[in-house]
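One-letter residues, chain by chain:
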Amino acid sequence: MIILRYQPRQILIDIDTQRDLLVANGAASVYNHRKILANIHRVMAAARHNHIPTISTTQVYNPDYHSPGYCLAGTNGLKKLRYTVRDNCLCYPASDSADLPLDILDRYNQVVFCKRCEDPFEEPRLDRMLTGLRADELYLIGATAEGSVKATALGLLTRGKKVTVLTDVVGTRNRPAADRAFREMAAKGAILSKATEILGPSVLRIVHACPCKHCRMAGS
Ligand SMILES: [Zn+2]
């Protein structure tokens, strides 16, 4: 007898895991970046291992036009952390088009969307992707808690999605603002969890993403 078991559909939402935000010498580096870098590495590896599709966002700004001074087009700081890019990945540059194949997540392991702002719902194609998502669980990681992660979580919750924020995989530049942001997400229905609760305790280890003293010492 064959029992058909329902497989819950999980999707990882990987938000702005870029060098300027997460590496010590980045233009707008988060607080406690070493722990966040190690946890991002762990969650990305788990997504790859468990075949969980990944939707990624990156900020990109024109240096000559209202730029915030980080994630500028043509700079190294704009780049995603190496281990946040999967094989079979498709990247959409920012544009005002909303064109998007319906089966995009069946064809690619990861789709990266560039955005010219923190709120992903201000980008037409990304809005369409996230609004149309069919999933039982969306796991959010990235940076920053008070910026893009909050905007992404609240937008998804408004659209009736089930959102879990992995708070130990979310970076911040302002701890009190991050705490307020997490409370606001929870009040709107987000589940706050931790990678260590889902994947078990981990030993911090070097992930070769950042050359600062603290990150180098983690591997010794
Ligand atoms: Zn570092």
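Visitor: Please clarify how the coordination of the zinc ion should be interpreted in this entry.
Guide: Ideal values differ by geometry: the angle at a metal is 109.5 degrees with four tetrahedral donors, but 90 or 180 degrees with six octahedral donors. Bound to the zinc ion on the protein side are H33 (NE2), C210 (SG), C212 (SG) and C215 (SG), at distances that span 2.0 to 2.3 Å. Considering all four donor atoms around the zinc ion, angles at the metal cover 101 to 115° and the coordination shape is tetrahedral. Here the donor residues of the zinc ion share one chain and are spaced in sequence as H-x176-C-x1-C-x2-C. Of this pair, H33 sits in helix α2 (residues 33-49) while C212 sits in the loop between α7 (195-199) and α8 (213-218), and the two are 179 residues apart along the sequence. We note that H33, like C212, is buried.

Visitor: Looking at this model, I keep getting lost on unusual backbone geometry. Mind explaining?
Guide: Across the chain, the bulk of peptide bonds are trans and the bulk of non-glycine residues have phi less than zero. For the bond running from A143 to T144, omega is -10°, close enough to zero to count as cis. Turning to its location among the elements, T144 is positioned in the loop between β5 (137-143) and α5 (145-158). One non-glycine residue, H51, lies in positive phi territory at about 55°. Here H51 is to be found in the loop between α2 and β2 (54-59). Of note in the backbone geometry, N88 takes a positive phi value of approximately 50° without being a glycine.

Visitor: Please clarify how the nonpolar core should be interpreted in this entry.
Guide: Across soluble globular proteins, nonpolar side chains show a tendency to be buried alongside one another. I13, I55, L133, L140, V165 and M185 are the most contacted members of the largest nonpolar core, which totals 31 residues. Among the elements of the structure, β1 (10-15), α3 (104-107), β4 (110-115), α4 (124-131), β5, α5, β6 (163-171) and α6 (175-187) are those that each provide at least two residues to this core. Broken down by element, the residue count for this core peaks at six residues, all from α5. Apart from residues no more than four positions distant in its own chain, I13 is found in contact with I55, L130, L133, L138, Y139, L140, I141 and T152. L21, I52, Y83 and V169 belong to the second largest nonpolar core, which has 30 residues in total.

Visitor: Looking at this structure, how should I read α2?
Guide: At 3.6 residues per turn, the α-helix brings residues three or four places apart onto the same side. Spanning 17 residues, α2 covers 24 Å between terminal C-alpha atoms, matching the ideal 24 Å at 1.5 Å per step. Taken from the residues just after α2, H51 is the one with a positive phi, measuring 55°.

Visitor: In this structure, what is going on with the sheet that holds β4? I would like to understand it.
Guide: Sheets are built from strands paired through backbone hydrogen bonds, the pairs being either parallel or antiparallel. If you walk across this open sheet you meet the seven strands as β3-β4-β2-β1-β5-β6-β7, and the pairing is parallel. Among the strands making up the open sheet, the edge pair consists of β3 (89-92) and β7 (191-193). Taking each pair of neighbouring strands and ignoring which way they run, the sheet shows an average axis angle of 20°. Running over the sheet, α5 touches β1, β2, β4, β5 and β6 and is turned about 165° from β5. Each of β6 and β7 touches α6; the most contacted strand, β6, lies at about 170° to it.

The rules behind these values
- Residues numbered from 1 in each chain as written.
- Predicted model: local features only at pLDDT ≥ 70, side-chain atom pairs only at ≥ 80, totals over all residues.
- Heavy atoms only, no water.
- Donors = N, O, S within 2.8 Å, 3.2 Å for Na, K, Ca; no water.
- Tetrahedral: all angles 85-135°; square planar, octahedral: opposite > 155°, others 65-115°.
- Helix = DSSP H or I, 4+ residues; strand = E, 2+ residues; numbered from the N terminus.
- Buried < 20%, exposed > 50% of the residue type's maximum accessible area, 1.4 Å probe, protein only.
- Core = buried A, V, L, I, M, F, W, Y, C linked by side-chain atoms within 4.5 Å.
- Contact = heavy atoms within 4.5 Å.
- Expected span 1.5 Å × (residues − 1).
- Pairing = 2+ DSSP bridges.
- Axes fitted to C-alpha atoms, helices over the stretch in contact; angles between N-to-C directions.

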